[in-house]
Amino acid sequence: MPINYRQEALDEAGSRGAYGDVLRTIPLATRAAYYIIVAATVFALGFVCFGQVERYARGPLVIRLDGRTTVTALTDGAISAVDVRPGQAVSPGTVLARLDTREIAGEVMRLRREQDARKRALLRNLDDADNRVALLSLSSELELAQRKLAEHSVIAPCAGSVADVRIRPGQVVAKGSQLVTVTTPTTRARVVAALPAHERPLLRIGGPLRVELSGYSYAYLPASIRLIGDEALGPREVRRYLGDELGDAVEVEGPRVLVEAELATTSFVIEDQTLRFVDGMAGLAEAEVRRERIVTLLVPALRLLLNE
């Protein structure tokens, strides 16, 4: 069946001719592009063959503050008053907090009244041996009661500033409970990191340790390794080393080796703000263990050829 075309289409096809336009190029631009591509290719090959990347051992960390003094309760009781606040400067003997003394104070008053009565009786009859013995016994009881009364006051043992107050009025505390922490001028900050145990042979004393605190991403703090554990520890042993207060602050999996590094100051600078380290702050530690060529990372079999 013949195909009919419109005359306008035929005329348009006939007017185009058999050839298109000639491709026009700029010789200088083409030559420059060629050399740029060659140079980029050579640079990329050289970078892959001779370039190196750093390999890091990574693990969780906690900040510990050494040189602090933790004041504990000397006796059981309920907190009646807290006399200090965090950041407050204190001197030796400053009362930090007080426990309820109503019961022991009443006992001291009773013993004092009885002691005064015995003294008056002894003055009336100096030959009363029984009264003299009773007076000596009361003196011992009163001294013991006064010592217990003094234990109800929480006293600062040294000069410094209050870093942490863990009590509130009305709280019942047991003997030995941690109440207030006081920092001193000798306080130092250190890093305790749990790095993979298989990286232990590559770690070295004095090597760099990069610290990144949780909540302050990409704000790296430099430190230097001063102590490396010789034994691999499981997650439970790591938590036990950190103690009951900080054991749950880090998540550890697999065998780890503990690494410690000392920080230069007890504060750090973030966006022109000077902030203090807090005992127990968590983060991520990275220790450089080796450098590898990029080509061996891309082709691991080349390590045998290059003796790496």
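Everything below is about the structure shown above.
Below or above, wherever it landed, is the structure these notes cover. Note that the structure is a prediction, hence the values are computed from the model and not measured.

### A few points about the overall build of the protein chain
Consideration 1: Broken down by element type, the protein chain carries seven helices and 16 strands.
Consideration 2: A fraction of 74% describes how many contacts in the protein chain between residues 6 or more apart in sequence connect residues 24 or more apart.
Consideration 3: Carbon and sulfur atoms provide 55% of the accessible area of the protein chain, an area that totals close to 20,400 Å².

### Topic: the nonpolar core
Consideration 1: Counting 28 residues, the largest nonpolar core has L195, L213 and F277 as the members making the most contacts within it.
Consideration 2: Ignoring anything within four residues of it in the chain, the contact list for F277 reads I63, L65, A189, L213, L221, L263, T265, T266, S267 and F268.
Consideration 3: By size, the runner-up hydrophobic cluster in this structure holds 17 residues, among which are I79, A97, V173 and L179.

### Focus: the pairing of strand β1 (residues 52–66)
Consideration 1: When β1 meets strand β16 (residues 282–293), the two strands line up antiparallel, connected through 11 bridges. Each residue of the ladder has a partner; that of R58, found in β16, is E286.

### A short note on the pattern of salt bridges
Consideration 1: Following the criterion strictly, the structure yields 16 salt bridges and no others.
Consideration 2: We note a salt bridge from R64 to D279, for which the minimum N-O separation is 3.1 Å. Note that R64 is positioned in strand β1 and D279 in the loop between β15 (273–276) and β16, a separation of 215 residues in sequence.
Consideration 3: D279 sits in the buried class, given a relative accessible area of 16%.
Consideration 4: R110 is the partner of E107 in a salt bridge, and the nearest nitrogen-oxygen pair spans 2.7 Å. With a gap of three residues between them, E107 and R110 both fall in helix α3 (residues 102–124), about one helical turn apart.

### Observations concerning the sheet that holds strand β6 (residues 153–155)
Consideration 1: With antiparallel pairing, four strands are arranged side by side in an open sheet as β6-β5-β3-β8. In this open sheet, the two strands that pair with only one neighbour each are β6 and β8 (172–173).
Consideration 2: As paired strands, strand β5 (residues 95–99) and β6 are joined by three bridges and run antiparallel to one another. Opposite A97, over in β6, you have V154 as the bridge partner.

### Description of the sheet that holds strand β13 (residues 256–262)
Each strand in a sheet pairs with its neighbour through backbone hydrogen bonds, running either in the same direction (parallel) or in the opposite one (antiparallel).
Consideration 1: One closed barrel accounts for six strands, arranged β1-β10-β13-β12-β11-β16; its pairing is antiparallel. With strand direction ignored, the average angle separating the axes of adjacent strands in the sheet is 40 degrees.
Consideration 2: By the bridge criterion, six bridges tie β1 to strand β10 (residues 188–196) in an arrangement that is antiparallel. Paired with D66 across the strands is R188, a residue of β10.

### Topic: helix α4 (residues 129–150)
Since one α-helical turn is 3.6 residues long, residues separated by three or four positions face the same way.
Consideration 1: For α4, spanning 22 residues, the distance from its first C-alpha to its last is 32 Å, which sits close to the expected 32 Å at 1.5 Å a residue.
Consideration 2: Among the residues making up α4, those that are buried are N131, L135, L138, L142 and A145. Angular distribution of buried residues about the axis of α4 spans 90 degrees; they occupy a single face of the element. When the buried face of α4 is taken as reference, the exposed residues oriented beyond 90 degrees from it are V133 and L136.

### Things to note about α3
Consideration 1: Taking 1.5 Å per residue as the helical rise, α3 with its 23 residues ought to reach 33 Å, and the 34 Å between its terminal C-alpha atoms agrees with that figure.
Consideration 2: Those residues of α3 not exposed but buried are I104, V108, L111, Q115 and L122.
Consideration 3: The inward-facing, buried residues of α3 contact α4.

### Overview of the packing of aromatic side chains
Consideration 1: Counted according to the given criterion, the structure contains three aromatic pairs.
Consideration 2: Ring plane angle 80 degrees and centroid distance 5.4 Å describe the contact between Y216 and F268, whose orientation is recorded as edge-to-face. Residue Y216 is found in the loop between β11 (208–213) and β12 (220–228), and its partner F268 is found in strand β14 (residues 267–270); the two are separated by 52 residues along the sequence.
Consideration 3: Since its relative accessible area comes to 27%, Y216 is described here as partly exposed.
Consideration 4: Using a relative accessible area of 4% as the deciding quantity, one classes F268 as buried.
Consideration 5: With a centroid separation of 5.0 Å and 35 degrees between ring planes, the pair formed by F268 and F277 is classed as tilted. The burial state of F268 is the same as that of F277; both residues are buried.
Consideration 6: R210 extends its terminal NZ or CZ atom over the ring of Y56, reaching a point 5.4 Å from the ring centre.
Consideration 7: Between R210 and the ring centre of Y220, over which it is positioned, the NZ or CZ distance is 4.1 Å.

### Some words on the environment of P235
Consideration 1: Along the chain, P235 falls in helix α5 (residues 235–242).
Consideration 2: Sequence spacing of P235 and R256 is 21 residues, and the spatial spacing of their C-alpha atoms is 7.5 Å.
Consideration 3: Those residues in contact with P235 that lie beyond four places of it in its chain are V252, E253 and G254.

Cut-offs applied
Residues numbered from 1 in each chain as written. Predicted model: local features only at pLDDT ≥ 70, side-chain atom pairs only at ≥ 80, totals over all residues. Heavy atoms only, no water. Helix = DSSP H or I, 4+ residues; strand = E, 2+ residues; numbered from the N terminus. Contact = heavy atoms within 4.5 Å. Areas by Shrake-Rupley, 256 points an atom, 1.4 Å probe, with all protein chains shown as cover. Core = buried A, V, L, I, M, F, W, Y, C linked by side-chain atoms within 4.5 Å. Buried < 20%, exposed > 50% of the residue type's maximum accessible area, 1.4 Å probe, protein only. Pairing = 2+ DSSP bridges. Salt bridge = Lys/Arg side-chain N within 4 Å of Asp/Glu carboxyl O. Axes fitted to C-alpha atoms, helices over the stretch in contact; angles between N-to-C directions. Expected span 1.5 Å × (residues − 1). Arc of directions from axis to C-beta. Phe/Tyr/Trp six-rings, centres within 6.5 Å; stacked < 30°, edge-to-face > 60°. Lys NZ or Arg CZ within 6 Å of the ring centre and 35° of its normal.

Without other data, these values stay purely geometric and don't point to any function.
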